[in-house]
Every structure is written in C-alpha cells, then in structure tokens.
Number of protein chains: 2
Amino acid sequence: MTRTFIIIGNKTATGKFSLDDLSGAAGRMDLLCRAVGAAFFLSHDMRRDVIVYLVLLGPPTPPRVVRIAGPEVRNMNPDERNIAGLVRKALMVEDIDPGWSKSSPGILVSSKGLKELLDEVAPSPGPSTVYLREDGTPIGKAPLGKDVTFLLGDHMGPTPEQEALLKGWNTVSLGKKSYHTDHCIAVVNHEIDTREI
Amino acid sequence: MTRTFIIIGNKTATGKFSLDDLSGAAGRMDLLCRAVGAAFFLSHDMRRDVIVYLVLLGPPTPPRVVRIAGPEVRNMNPDERNIAGLVRKALMVEDIDPGWSKSSPGILVSSKGLKELLDEVAPSPGPSTVYLREDGTPIGKAPLGKDVTFLLGDHMGPTPEQEALLKGWNTVSLGKKSYHTDHCIAVVNHEIDTREI
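In this report, we go over the structure that sits alongside the text. (Residues numbered from 1 in each chain as written. Chains lettered and ligands numbered in written order. Predicted model: local features only at pLDDT ≥ 70, side-chain atom pairs only at ≥ 80, totals over all residues. Heavy atoms only, no water.)

## Some points on the side chain of A:Ser173
Residue and element names in this part refer to chain A. Mapped onto the elements of the fold, Ser173 is located in strand β10 (residues 170–173). Under the relative-accessibility criterion, Ser173 is labelled buried at 5%. At 2.8 Å, the side chain of Ser173 forms a polar contact with the backbone oxygen of Glu134. Among the polar contacts listed, one links the side chain of Ser173 to the backbone nitrogen of Gly175, at a separation of 2.9 Å. In contact with Ser173, not counting residues within four places along its chain, are Arg133, Glu134, Asp135, Gly136, Thr137, Pro138 and Ile139. (Helix = DSSP H or I, 4+ residues; strand = E, 2+ residues; numbered from the N terminus. Buried < 20%, exposed > 50% of the residue type's maximum accessible area, 1.4 Å probe, protein only. Polar contact = N/O pair within 3.5 Å; in protein donor to acceptor, adjacent residues only side chain to side chain. Contact = heavy atoms within 4.5 Å.)

## Observations regarding the relation of the copies chain B and chain A
Look at the two chain copies: a rotation about an axis and a shift along it is all it takes to match them. Aligned on chain A, chain B shows an RMSD of 0.0 Å; the corresponding rotation is 180° and the shift along the axis is 0.0 Å. Interpreted geometrically, this transformation is the action of a two-fold axis. Taking the C-alpha atom as reference, chain B places B:Val187 closest to the rotation axis, 2.6 Å from it. Comparing interface residues between copies, 100% of those in chain B also sit at the interface in chain A, which points to an isologous, same-surface contact. (Least-squares fit on C-alpha atoms with pLDDT ≥ 70 in both.)

## Quick notes on the sheet that holds strand β7 (residues 107–110) of chain A
Residue and element names in this part refer to chain A. Read from one edge to the other, the open sheet built from 8 strands follows the order β6-β7-β5-β4-β1-β9-β8-β10, with strand pairing classed as mixed. Both outer strands of the open sheet, β6 (101–104) and β10, are each paired with one neighbouring strand and no more. The mean angle between the axes of side-by-side strands here comes to 30°, regardless of whether they run parallel or antiparallel. Here strand β4 (residues 50–56) runs beside strand β5 (residues 64–69); their pairing, made up of 6 bridges, is antiparallel. Bridging from a neighbouring strand, Leu54 pairs with Val66 of β5. Packing against the sheet, helix α1 (residues 29–40) makes contact with β1 (3–9), β4 and β5, and its axis sits at approximately 170° to β4. (Pairing = 2+ DSSP bridges. Axes fitted to C-alpha atoms, helices over the stretch in contact; angles between N-to-C directions.)

Written as structure tokens, this is what we have:
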C-alpha cells in the first residue's frame, strides 16, 4: 500500500532561496515543508509507504516537481529548515529536464508540470485518486482503496485550470472548516491508519 | 467552548535562542512551534477559541510557561520561525516570576512549573482533561465535553514524575502509531470540529 501526496505551490520558489524567509520570498515554502513533514514523520519513525510530489510553480524557472520517496529518503528531519534545505538542493541540480534527475537519496527533480505529472502518476482517476475540497464526500464515508493518491493545494488552493485536470477524481472533504495543507495530511494519515488496524 | 492545549518541552530553551537552530540548540523548539501552529491556524483564519500553554523545561532558567491566547494574539504567522520569534520575545521579558507577565498581545510568560500550572488551569481533572497516550480510550469513543484541556508531551513524552501529576485525567488514544505533537493536535482539532457540526 502506498500513500501518494501531490502538493501544489503556485507561488513557491523554483530556484535558490533563503532558508531565513521560507514564508515570504520563497512563496510559502514553509507550508510545503510542513506538509512534507506531516506526510512522512511518525514520532521517532518515518512512514516508508509515502511518496510526496511538490509541484512548484513560482519564480524563477517554473515548473519544477520535487519527488520525495519514503523508502529511500535519508537525513530528513521534521523541522521546516531541514526539509527546505533538501528541496533547495534539489532545485539547484544542474540541467533539470522533464525526466527525473537525482538530487539526494530518495529525492528526484524534474521540469515537468502538473499535467505531465498527473499523466505519469495518476493516468486513470477513480475512487483512489482524491482531491481534498470542503464540499466533497465526508472522508468517513469515502472509499479510499489500498493505494491512494491525494492532491492538495497550497494556501490559495488549485487554480480553475488545475481543477480542470482533475476530471474523474474523487472529491473528498474533511469538513466545512478549511485547514492548512499539513493539517489536512495529518488528518488523512490518521484516517488511513485507523482503517488499517 | 474553549480548547486548551498544554504542551511540555522537557529540553526546550527557557532563554534567548537562535532562530536558525530551533531543532538542535533550542531543544526542539521547532516541534513546539509547529504544535502552536496546529492549535491555532485555519486556512486564512485563526481559531479564537484556543489557548496554548508551552511548558518549557530546558536551559538556562527552567521552568517557564508561555501562554498564547487565541482571542487576543496578533501578528502570528504559521511558520516556525515567526512563532519562535514570539516565544523568544516572551522568554526575554524582564523579571519573570510565578505570576503572568505580558510579552505581546495575547502572550504571557511565567516562571511557574507544570504542577503550579495544572493547579491553576485544571484543578478538577475529569473527562474533559485529556492526556493523549497510545494506550488510552480511542478518541472516537471518548466523551470530551464542551471545554476540553489536552496535555501533550514533546518527542520524549512526559516523564514519570509528570505523569504522576495526571491522576484523574482522561487517557485518550489516537491509535497505535505514535504521532508528532503537532499532528496529534491537528487530528484532535478535526475530531472536535466534526462533533460540533
């Protein structure tokens, strides 16, 4: 069973950025780093059944996708600054192209955009490809299946053009309150953990 | 209805610390800052019905308690560095004593310890004073009441001496997997949100 999280950062940096201003100059890199932490970290352990794709669409060289794979990733700590350092290293790989270039163990980078990524990792949308939105099916009633792919936006949410790519996806809700991306992931991981027992 | 979160940082700094090394030198200040974020932040909104107490017990001058009150707090952003800056400012207030000294809007600081804090904010433990631990009652079956107080540890959990102060508390579990403090808070907030609808 694999849990895949695709997280869109519409304003998030695609080149070198300062670790001292993740929220401002790096276009909410802080939010994406906390989302990575929520996807992977247990107390004193890591979820090895998780893969995260960060879709970065801010300046200077959009698009970029950073892929972080639980089975192989090493030397990642849960603080924002550490995760941001790993993402920054990936963005500084030379000659990034639409294929996957290796940055560090378990971390790859590509110049593909959201459409190309979805064609690759979610070519057949259905109940197990889940778009989290406030007006969807309550998660408690949603069949999620064994291998689940979740798509989440940043603080602005996906654009209409991005939403148009999600035809056939299962729209699932965590309730009427709108949560931060990392908190959504924590709730989703708990929901799946509870079902697996 | 108020949600109160008491979070213990057994190694967390009680004096000036560097914002560039929250995880190491500041004794997992990163973890406590993410916990504060999870307690307060909604997407584009703050939970005004939340109060957080950070019980800081690391060097150089333990104990310290920093109180952050949702109804009054201002200028708090969800990134670790911003929250850490507010906590650091509180720890640098002059002449901190067992009473509450004001640091900034909604943020107070005290030299009281965990026992004195619990005597003040949870003098009558019962179903609504909740200690989150893996072997407790599953949260779905736990009556939580209207005003709920949660106690959570840091990455090491409470010490045996601290646990001894929790007689009469309601031990509640989020499942068999052990989560980071901030992820526990995200799950708990979602659980209460769901009940309130």
